[in-house]
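Report on the structure
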Amino acid sequence: MSHERRIYLDHAATTPVRAEVLSAMLPVFSNVFGNPSSFYKDGRDAFHALEEARSTIARCINADPGEIFFTSCGTESDNWAIKGIAEAHQAKGRHIITSAIEHHAVLHTCDTLEKHGYEITRLPVDHEGLVDPEAVRAAIRPDTILVSIMMANNEIGVIEPIAEIAAICREKKVIFHSDAVQAAGAIPIDVRLLGIDLMSFSGHKLYAPKGVGVLFIRKGIRIANFFDGGAQERKRRGGTENVPSIVGMAKAFELAVAEMPENSARLAGLRDALISGILEKIPHARLNGHPTRRLPNNANFSFQFIEGESILLMLDHFGYECSSGSACTSGSLDPSHVLLAIGLPHEIAHGSLRVTFGHSNTMDDVHALIEDLIYIVQRLRDMSPLYEDYLKNANS
C-alpha cells in the first residue's frame, strides 16, 4: 500500500546525481570556471579539468583520450555517429543496417536519413530480443557503410552479441556503431576487446547530471562534424564544453566501473527476486526479454488483460515510480516498438511494466512491490472486460 517514502524504480530513465559526483563538480562551477579555450590561468585550469575527465572516461572503456568526444547527451552522440558516417561515406554507399529494437535516437535518425535517399535495413530480433549476428552478415552489401546495434536494450534489458557483430563488420570492412547508453556502468565495456568503431554514452544514466554525453570515435574513423563552430573537441564538435557536467560524468563513470562487480551482483539479486516473485504469484504475467542475458538491474513484465498505464497510475499512488518503457516515448499511447518486435500482440504489449533498480533500492522494496502488484493487478483485472471474457471462456 502507500509508503511514507517514494520508492524510485526507474533508473533506466534517469538517475539522481551521486553526492561524490556533485562534490567533484562544485569547484568547477566557481573556482575552475574559466573557458577551457582561454590561454590565461583560469582557462588553463578548466582545460586541465576537461582533459583529466577525458582521460578518466577513456580508461573506463580502454580507449585513448583522443578518441573521447564530449556531447550534450546520448541522443546527440547517436545522431553524430550515424549522420556523420552517412555524410562522410556516401560516396561508397547509402546503405545502413540497424535493429528493430533500437532507441528512438537511432531509429528516428535512420528515418531522417531515409528521407534523404539512404536505404535502411531494420533487422528483426528473436522472441527474447536478440539480434542474430548471421542476419547482420547476410544484410551487408557492397554499399553498406554502417551497422548500428545497441549494446543493451533500454526497455527489456537484453544484452546484444555486439562482439560477434563487430567481428563480422570488421571482416566485411563496414563501420560499427553501438549505443551503450544503458550498458555503461552496468556491464564491462572494453572497446578494443569488443572491436568497436563508435560508441555512445550518456551521463544521466550513471548518476551524473543530465545534459552531458560522450561519443567514442576510434582513431582512423572518417566522420563528418555534427556541430560547426569553434575549435573545441579538436575541431570536431564546436561549442564551449560543459566542464562541470563533464567532470561529473567522469567521476560517475569511474565510480561505476570500480563498484561494478559488487553493485551488479547486488542489483541482479534484487532483479531475480522480483522476477521469481512476480512469475510465481501473479498469474498471466510474463517476463519480457532474455531470462539471463540481461542488464543486472532490469526486469520488464507484461500483465495480460490490463493496461500498463493503469498499473503505473496505481503504483504511483502507492508510492512507486516505475515506467512502461522508454521515458522518451512515455507520452505515447502506442505499444512499445520493442515489445511488438519480440512478437507480443498489441493487447499484451500495452500491459507492460519496466522496473529498473539502483543504489537506493533494497530487498524490502522488492517484497513490498510484489505484494502491492498482486493487489493492483487483481483489482485492475476485476474491472477488465477482457479478463471477464477470459474467465467466462475458461469456465464454459
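Everything that follows concerns the structure shown earlier in this document.
What comes next is a walk through the structure.

What counts and how
Residues numbered from 1 in each chain as written. Predicted model: local features only at pLDDT ≥ 70, side-chain atom pairs only at ≥ 80, totals over all residues. Heavy atoms only, no water. Helix = DSSP H or I, 4+ residues; strand = E, 2+ residues; numbered from the N terminus. Rg over C-alpha atoms; globule rule 2.2 N^0.38 Å. Buried < 20%, exposed > 50% of the residue type's maximum accessible area, 1.4 Å probe, protein only. Contact = heavy atoms within 4.5 Å. Lys, Arg positive; Asp, Glu negative; His and termini not counted. Charge placed at Lys NZ, Arg CZ, Asp CG, Glu CD. Phe/Tyr/Trp six-rings, centres within 6.5 Å; stacked < 30°, edge-to-face > 60°. Lys NZ or Arg CZ within 6 Å of the ring centre and 35° of its normal. Core = buried A, V, L, I, M, F, W, Y, C linked by side-chain atoms within 4.5 Å. Salt bridge = Lys/Arg side-chain N within 4 Å of Asp/Glu carboxyl O. 1 Å grid on protein atoms, 1.4 Å probe; cavity = no way out; pocket = protein on both sides within 12 Å on 5 of 7 lines; lining within 4 Å. Points joined across faces, edges and corners; volume = space filled by probe spheres on them. Nonpolar A, V, L, I, M, F, W, Y, C, P; charged D, E, K, R; others polar. Pairing = 2+ DSSP bridges. Axes fitted to C-alpha atoms, helices over the stretch in contact; angles between N-to-C directions. Expected span 1.5 Å × (residues − 1). Patch = residues over 30% accessible without salt bridge, like charges linked within 9 Å, V, L, I, M, F, W, Y side chains within 5 Å. Areas by Shrake-Rupley, 256 points an atom, 1.4 Å probe, with all protein chains shown as cover. Disulfide = S-S within 2.5 Å.

**Digging into the overall build of the protein chain**
Helix and strand counts for the protein chain come out as 14 helices and 12 strands. Its C-alpha atoms give the protein chain a radius of gyration of 22 Å, within 12% of the compact-globule value 21 Å for 396 residues. Taken across its 396 residues, the protein chain has 57% of its residues classed as buried. In the protein chain, 75% of the contacts between residues at least 6 apart in sequence involve partners at least 24 apart. Measuring between centres, the 38 positive side-chain charges of the protein chain sit 6 Å from its 49 negative side-chain charges.

**Looking at the packing of aromatic side chains**
Summed over all chains, the structure comprises 8 aromatic pairs. A centroid spacing of 5.8 Å and a plane angle of 80° characterise the contact between Phe69 and Trp80, whose relative ring orientation is edge-to-face. Taken together, the positions of Phe69 in strand E2 (residues 68-71) and Trp80 in helix H3 (residues 74-88) put the pair 11 residues apart, joining distant regions of the chain. When sorted by exposure, Phe69 lands in the same class as Trp80, which is buried. Taking the centre distance of 4.9 Å and the plane angle of 35° together, the rings of Phe305 and Tyr390 count as tilted. On the criterion of sequence distance, the pair formed by Phe305 in the loop between strand E10 (298-303) and helix H10 (308-318) and Tyr390 in helix H14 (residues 385-395) is long-range, its members being 85 residues apart. By relative accessible area, Phe305 is classed as buried at 12%. Judged by relative accessible area, Tyr390 falls into the partly exposed class, the value being 32%. Site record: aromatic cluster; members linked through ring pairs are Phe305, Tyr387 and Tyr390. A cation over an aromatic ring shows up here: Arg94 above the ring of Tyr118, its NZ or CZ 4.4 Å from the ring centre.

**Looking at the nonpolar core**
Counting residues in each nonpolar core, the largest one holds 65 residues, and the members touching the most others are Ile61, Ile189, Met199 and Phe201. Residue contributions to this core peak at 7 residues, all from helix H9 (residues 243-281). Setting aside residues no more than four positions away along its own chain, Ile189 makes contact with Cys60, Ile61, Met151, Ala180, Ala183, Ala184, Leu194, Met199 and Phe201. By size, the runner-up hydrophobic cluster in this structure holds 31 residues, among which are Ile7, Leu267, Ala299 and Cys322.

**Section: the pattern of salt bridges**
Considering all chains together, one arrives at 22 salt bridges under this definition. Measuring nitrogen to oxygen at the nearest pair gives 2.3 Å for the salt bridge that ties Asp316 to Arg6. Residue Asp316 is located in helix H10, and its partner Arg6 is located in the segment before strand E1 (7-8); the two are separated by 310 residues in the primary sequence. Between Arg54 and Glu233 there is a salt bridge whose closest N-O contact spans 2.8 Å. Here Arg54, found in helix H2 (residues 41-61), pairs with Glu233, found in helix H8 (residues 232-235); they are 179 residues apart in sequence, far enough to count as distant. The class of Glu233 is buried, set by a relative accessible area of 3%. Within the structure, one salt-bridge network assembled from shared partners comprises Asp64, Glu67, Arg192 and Lys219.

**Describing empty space enclosed by the protein**
By the definition in use, this model includes 1 cavity of 30 Å³ or more. By volume, the largest cavity is sized at about 300 Å³. As for the largest cavity, its lining consists of 24 residues, of which Gly185, Ala186, Lys205, Tyr207 and Asn297 are closest to the centre. Considering only residue class, the lining of the largest cavity consists of 12 nonpolar, 9 polar and 3 charged.

**Topic: the sheet that holds strand E4 (residues 119-123)**
Working definition: the strands of a sheet are paired by backbone hydrogen bonds and lie parallel or antiparallel to each other. Across the sheet, 7 strands lie side by side as E2-E8-E7-E6-E5-E3-E4; this open sheet has mixed pairing. The outermost strands of the open sheet, each flanked by one partner alone, are E2 and E4. Strand-to-strand twist in this sheet, taken as the mean axis angle between neighbours without regard to direction, amounts to 20°. Across 4 bridges, E2 lies against strand E8 (residues 213-217) in antiparallel orientation. When the sheet's bridge partners are listed, Phe70 is paired in E8 with Val214. Contacts from helix H4 (residues 104-115) reach strand E3 (95-99), E4, strand E5 (144-148) and strand E6 (175-179), with the element oriented near 155° to E3.

**Section: H3**
Taking 1.5 Å per residue, 15 residues should reach 21 Å; H3 reaches 21 Å between its end C-alpha atoms and fits that length. Residues of H3 that are buried include every one of Gly74, Glu76, Ser77, Asp78, Asn79, Trp80, Ala81, Ile82, Gly84, Ile85, Ala86 and Ala88, and no others.

**Details of a nonpolar patch on the surface**
Taken together, the side chains of Val17, Leu22, Leu26 and Phe29 present a nonpolar region at the surface, about 370 Å² in accessible area. Tracing the backbone through its elements, the reader meets Phe29 in helix H1 (residues 19-30).

**Observations regarding the state of the cysteines**
Here a disulfide denotes a covalent bond joining the sulfur atom of one cysteine to the sulfur atom of another. Using the criterion set out here, one finds 0 disulfides in the structure. Considering cysteine sulfurs only, Cys73 is the nearest to Cys60, which forms no disulfide, with 20 Å between them. Among the residues examined, Cys60 registers a relative accessible area of 13% and is labelled buried. A relative accessible area of 25% means that Cys73 is categorised as partly exposed.

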